[in-house]
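Spelled out from the first residue to the last, the chains are:
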Amino acid sequence: MKHLTPLTLLACGSFNPITNMHMRLFELARDHFHQAGKYQVTEGIISPVNDKYGKQGLASAKHRLEMARLALETSEWIRVDPWESEQEQWSETVKVLRHHYKELLKSHCIRRLPGKNNWPIEKAAGASLASSLTVFPELKLLCGADVLKTFQIPNLWNEEHIQEIVTKFGLVCVSRAGSDPSQYISESELLCRYQHNIHLVKEWIPNEISATNIRCALRKGQSVKYLIPDSVISYIKEYNIYMEESERKNEGNLLQPLKQNSAMINLLNE
Amino acid sequence: MENSDHRTEVVLLACGSFNPITHMHLRLFELARDCLNETGKYKVVKGIISPVGDAYKKKGLISASHRVTMARLATESSDWVEVGDWESSQKEWQETIKVLRYHQQKLSHSYATNNVDKVAPLSKPGRKRKREAGGHLPVRQNQPNSETKGTPQLKLLCGTDILESFAVPNLWKPEDILEIVTNYGMVCITRTGNEAQKFIYESDILWSHKENVHLVEEWISNDISATKIRRALRRRQSVRYLVPDSVLTYIEKHKLYTAESEDQNTGVILAPLQRYAKEASKH
């Protein structure tokens, strides 16, 4: 029998609100890995971003978490995790990955070895560990292919963080039918170099249920049934979450990562 | 709107295989209702899903009893869309126009009965009745048309593919298309308005009755075709969140979509093509 590596998929984002598309990303990615036969996807984690992210129209994390929890009630393998949203500050995605990888190791009862080399991919490749019988779990960042594109936006991502994500964890990108995300990889030297850690998953049904469109429809009083779970629709109605007013929240605000990274660059320039 | 009585009540009917029903089918109804209600002229009161009968002979078509049950499960959470099984319980394949006639008749019956029971308040005398665009329609005897006060108007709900299929030889009878657009009307959900407008432009019948063909633009692309769903099921890929959970459970329980079921009706000519080709060759 082949040893399958246990794999946890982590999706970061606003989930404002969670839509059926978000859940589809997980289903597609899991099918992809199971067909490839190297991994056993054991868990999916949805990590809604912190309120301090400063995105326009971002409803409070409390609501976003609860909606995700409701949406995932019927899933036996995907869950929502509050850690990222509970932090005092906005956390870089790589920090969220580090946190969850730590948790993952704990739950797999693997004693952390001393030293720096505690990362799944390096471990698997490490000759010193080849004799080890333990299969180390892996954690990969699950995202839409549009995230690859955002890597190119100046100041949005820290270059070192991108590197850490693709070297120590790995990326799973679900691409829209008809689009070709490999172009974003070939445009970046870094992504190119680590493309063996970037898994491209093709979507076989176009799925463009963007949360922005959902909020827009809700404000107009249009139906979003069958695009997001019924339980989420009831919750939104009960708490009146998406209105003209809520959409203006953080208007004109600079996103937290842009603030932080550009501040750092200014500092360096000075 | 205080004077909502002026709005014409509309019932939407969707015909198709529903093999199986997907979230896309259900979205068509939601989009159409929003769009018609927003015009302020219409009030959509009901939606009917009418799965085609087994005699349609489409490749991979599984039995109507399963398709009807799945549609019922899928509409359980809807307070306005229901399943009509008249079409699927007929021995022979029924032309869409016959399904429309049946449901319109049923509607006016139930409306008449309701009216006697409720003694609905008469609308003000002399109130201008809404004239349906198109004016002098060929009104049939058995056709309770829009002028019959209060009876909801039945409209055919479909995707652009139906408009496109009007041009396929022997698939539709021209007189049926004419009757659909004159006596009923169509509501077409389109991905991009352009495409649908082109089909309307290219058909003389549709063009002359275009005010009875309502185009509804989709704001989220939605291409959950049942063909793709069946393919994924055969390959054991997840279709979760694309079809309702209750439908998925039913499919799994009855092992509905397999390689064998997909071979059903292979090489058999579609019922409408058979029928009309025969008629055409007689002439």
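In the block above lies the structure referred to throughout.
Sequence order sets the numbering: in each chain, residues are counted from 1 along the sequence as written. A letter from A marks each chain and a number from 1 marks each ligand, given out in the order of writing. Owing to the predicted nature of the model, reporting of local features is limited to residues with pLDDT of at least 70; listing and counting of side-chain atom pairs is limited to 80 or more, with chain, interface and lining totals taken over all residues. Water and hydrogen atoms play no part in the side-chain values, which are based on all heavy atoms of the structure.

Chemist: Please explain the state of the cysteines as it appears in this structure.
Modeler: Here, the word disulfide means a covalent bond between the sulfur atoms of two cysteines. All names here are of chain A. A pair of cysteine sulfur atoms is labelled a disulfide when the two atoms are within 2.5 Å. Overall, the coordinates contain 0 disulfides over all chains when judged by the stated rule. In this structure Cys143 is not part of a disulfide, and its nearest cysteine sulfur, from Cys173, lies 3.6 Å away. Exposure categories follow from relative accessible area, calculated using a 1.4 Å probe and restricted to protein chains: below 20% of the type maximum is buried, above 50% is exposed, and the middle band is partly exposed. Among the residues examined, Cys143 registers a relative accessible area of 6% and is labelled buried. Residue class for Cys173 comes out buried when judged on its relative accessible area of 0%.

Chemist: Any chance you could explain the pattern of salt bridges here in plain terms?
Modeler: Two side chains of opposite charge can pair, provided their charged atoms sit close to one another. Salt bridge, as used here: a side-chain nitrogen of Lys or Arg that lies within 4 Å of a carboxyl oxygen of Asp or Glu. For the coordinates displayed, the defined rule picks out 23 salt bridges over all chains. Across the pair Glu103 of chain A and Lys106 of chain A runs a salt bridge whose closest N-O atoms are separated by 3.3 Å. Here Glu103 of chain A and its partner Lys106 of chain A are both found in helix H4 (residues 93–107), 3 residues apart, which amounts to about one turn of the helix. In this structure, the salt-bridge partner of Asp230 of chain A is Lys225 of chain A, at a minimum N-O distance of 3.2 Å. Asp230 of chain A gets classed as partly exposed once you look at its relative accessible area, which sits at 33%. Through salt bridges with shared partners, a single network forms among Glu92, Glu95, Lys98 and Arg275 of chain B. Strands are runs of DSSP state E lasting at least two residues, helices are runs of H or I lasting at least four, and both sets are numbered from the N terminus onward.

Chemist: I keep staring at the nonpolar core and nothing clicks. Help me out?
Modeler: Nonpolar side chains tend to gather and get buried jointly when the protein is soluble and globular. Leu9 of chain A together with Leu12 of chain B are the most contacted members of the largest nonpolar core, which has 86 residues in total. In contact with Leu9 of chain A, other than residues within four places in its own chain, are Phe26, Ala29, Arg30, Phe33, Val41, Glu43, Gly44, Ile45, Trp77, Lys140, Leu142 and Val172 of chain A. Residues Val99, Leu171, Ile180 and Leu270 of chain B belong to the second largest nonpolar core, which totals 33 residues. By convention a nonpolar core is built from buried Ala, Val, Leu, Ile, Met, Phe, Trp, Tyr and Cys residues, the set being connected through side-chain atoms within 4.5 Å. Note on definitions: a residue-residue contact is assigned when non-hydrogen atoms from the two residues lie within 4.5 Å.

Chemist: I tried to follow the interface of chain A and chain B on my own but got confused; where do I start?
Modeler: One widely used convention gives an interface's size as the accessible area the parts lose upon coming together. On the side of chain B, 27 residues touch chain A, which itself brings 26 residues to the contact. In this assembly, chain A packs against chain B so that about 2,500 Å² is buried in total across both faces, 53% of it on carbon and sulfur atoms. Summed over both partners, buried area is the accessible surface (1.4 Å probe) that two parts give up on being assembled. Taken as a group, Trp204, Ile205 and Tyr226 of chain A account for 29% of the area that chain A buries against chain B, more than any other trio of residues on that side. The salt bridge involving Glu76 of chain A is made with Arg240 of chain B; its shortest N-O contact spans 3.5 Å. In protein, a polar contact requires one atom able to donate a hydrogen and another able to accept it; more generally it is a pair of N or O atoms within 3.5 Å, and residues adjacent in sequence count only if both atoms are side-chain atoms. Between the two partners, chain A and chain B, sit 13 residue pairs in polar contact (both at pLDDT 80 or more). At the level of secondary structure, the elements contributing two or more residues to the side of chain A that touches chain B comprise helix H1 (20–36) and helix H10 (211–219) of chain A. With 6 residues, H1 of chain A is the single largest residue contributor to the side of chain A that touches chain B. Here the nonpolar group is Ala, Val, Leu, Ile, Met, Phe, Trp, Tyr, Cys and Pro; Asp, Glu, Lys and Arg are the charged ones; every other residue, Gly included, is treated as polar. Among the residues forming the side of chain A that touches chain B, the class breakdown is 10 nonpolar, 9 polar and 7 charged.

Chemist: Would you take a moment to explain helix H9 (residues 245–254) of chain B for this structure?
Modeler: Residues three or four positions apart in an α-helix share a direction because the helix packs 3.6 residues into each turn. Residue and element names in this part refer to chain B. Those residues of H9 that fall on the buried side of the exposure criterion are Val247, Leu248, Tyr250 and Ile251. With its buried residues spanning 160 degrees around the axis, H9 presents them on a single face. Exposed and facing more than 90 degrees away from the buried side of H9 are Glu252 and Lys253. Packed against the buried residues of H9 are helix H2 (64–75) and helix H8 (226–234). Just past H9, the residue Lys255 takes up positive phi, approximately 45 degrees. For this quantity, the arc is that covered by the directions from the helix axis to the C-beta atoms.

Chemist: What is the right way to look at the environment of Asp79 of chain B in this model?
Modeler: Summarising the element assignment, Asp79 of chain B is placed in the loop between H2 and strand E3 (81–83). Note on Asp79 of chain B: relative accessible area 72%, which makes it exposed.

Chemist: Looking at this structure, I do not really get the sheet that holds strand E2 (residues 42–51) of chain B. What am I missing?
Modeler: Residues and elements named next belong to chain B. By this definition, two strands are paired if DSSP reports at least two bridges between them. As summarised here, the arrangement of the 6 strands in space is E3-E2-E1-E4-E5-E6, forming an open sheet in which the pairing is parallel. Among the strands making up the open sheet, the edge pair consists of E3 and strand E6 (213–217). The average angle at which neighbouring strand axes cross in this sheet is 30 degrees, direction not considered. Examined bridge by bridge, strand E5 (residues 186–190) and E6 share 5 bridges and lie parallel to one another. Paired with Val187 across the bridge in E6 is His214. Each of E2 and E3 touches H2; the most contacted strand, E3, lies at about 160 degrees to it. Angles here are taken between N-to-C directions and fall from 0 to 180 degrees, while the axes themselves are lines fitted to C-alpha atoms, restricted in helices to the stretch in contact.

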